[in-house]
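# Summary of the model geometry
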Amino acid sequence: MKRDSYQRKCALVTGSTRGIGQAIAMELAKEGINIAVNGRGTLDTATQTLDMCRKEGVDAHYFQADISDTASRENLVREIKERFRRIDILVNNAGVAPIERKDILETTERSFDRVIAINLKGAFFLTQIVAKWMIEQKEKFPDREFVIVNISSVSSYAVSINRPEYCISKAGISMMTKLFAIKLATWDIKVYEVRPGIILTDMTQPVKEKYDKMLKEGIFPIKRWGTPEDVGKAVVALVKGFYPYSTGDIINVDGGFHIRRL
Ligand code: NAD
């Protein structure tokens, strides 16, 4: 890696091989930020994101790691330390839907454990390791700005009775945001939550028709699907330092879905 590359900020975006994570990585790269790309798959799953980021002139490197696994999380952070020597931004984006949507009376323990382990436990303990490293860096370099962004969902408050484990995992992310925001405020490390609505990605492909119909019915005030770039841009707005006296805030990226109407 070129020596001056260490002068650039570095962002870890979990689950950035495709979908929302890829767009977040891309938008951050456009800001001149080096990107630690992460996913569970082999290197070939990451080439598209790596190419897109490198085209923006930043250093992008793939770190294969399953964030639901303790050793894998520790390795991930150790390898980023070796490669980039710093981390300024963590975006907890990696997440999964239940393999099969099942009514709350039929939800299996296996599916519950899988979804919680990836969406909530993985994000929580990864944040714990990264937060400790950010604190160390802040003490050494007080002028640097550190930001953690958690990608939750409208499911953190809107009930889907056929995927309770997903809703619970996202509600947990909302509380996790507040907890870390309070703890890390001492070091002026900002923690935010970005709450997407329905975003067109591989995750929503299986339910595309259902949401197309809901869109026609007007459930979403802005009458279109959200795009991964919509979420990426919101993350950039948060990490650029335009909210210097705000932490623990929620940014809705949902076309106005969260507004209650009569
Ligand atoms: P996606 O399925 O297209 O991409 C998910 C990414 O996470 C992939 O890169 C995958 O490799 C990675 N991943 C999955 N499990 C992992 C693990 N254990 N360790 C490391 N990486 C892992 O999904 P998406 O639609 O881009 O969703 C991204 C995030 O946004 C998720 O947290 C999701 O819950 C959330 N979200 C999505 C929508 C939507 O409508 N698509 C809406 C609200 C919130």
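We now turn to the structure provided with this report.

Near the ligand you find 29 residues, and of these Thr17, Arg18, Asn93, Tyr166 and Thr201 are the closest. Note that a nitrogen atom of the ligand is positioned 2.8 Å from one of the side-chain N or O atoms of Asp66. A distance of 2.5 Å separates an oxygen atom of the ligand from a polar side-chain atom of Tyr166. A total of 830 Å² of accessible area belongs to the ligand in isolation, and the protein chains cover 95% of it. Taken together, the elements giving at least two residues each to the shell around the ligand come down to helix 1 (19-30), strand 2 (34-39) and helix 5 (164-185). Residues of the shell around the ligand, tallied by class, amount to 12 nonpolar, 12 polar and five charged.

Our next topic: the pairing of strand 2. Regular strands place side chains that alternate from one sheet face to the opposite one. In terms of residue burial, strand 2 counts as a mostly covered element, since six of its six residues are buried. Going residue by residue along strand 2, you find Asn34, Ala36 and Asn38 tucked away on one face and Ile35, Val37 and Gly39 tucked away on the opposite face as well. As defined by bridge partners, strand 1 (residues 10-13) adjoins strand 2 across four bridges and the pair is classed as parallel. Counterpart to Ala11 in the pairing with strand 2 is Ile35. As a crossover connection, the stretch from strand 1 through helix 1 into strand 2 is right-handed. Taken together, strand 2, helix 2 (residues 47-54) and strand 3 (residues 60-64) form a β-α-β motif whose crossover is right-handed.

For the rest of this paragraph, the subject is the pairing of strand 3. Across five bridges, strand 2 lies against strand 3 in parallel orientation. Its bridge partner being in strand 3, Ile35 is matched across the sheet by Ala60.

About the thresholds
Residues numbered from 1 in each chain as written. Predicted model: local features only at pLDDT ≥ 70, side-chain atom pairs only at ≥ 80, totals over all residues. Heavy atoms only, no water. Near = heavy atom within 4 Å. Polar contact = N/O pair within 3.5 Å; in protein donor to acceptor, adjacent residues only side chain to side chain. Areas by Shrake-Rupley, 256 points an atom, 1.4 Å probe, with all protein chains shown as cover. Helix = DSSP H or I, 4+ residues; strand = E, 2+ residues; numbered from the N terminus. Nonpolar A, V, L, I, M, F, W, Y, C, P; charged D, E, K, R; others polar. Buried < 20%, exposed > 50% of the residue type's maximum accessible area, 1.4 Å probe, protein only. Pairing = 2+ DSSP bridges. Right-handed = clockwise from strand over helix to strand, strands pointing away.

Structural measurements only, silent on function.
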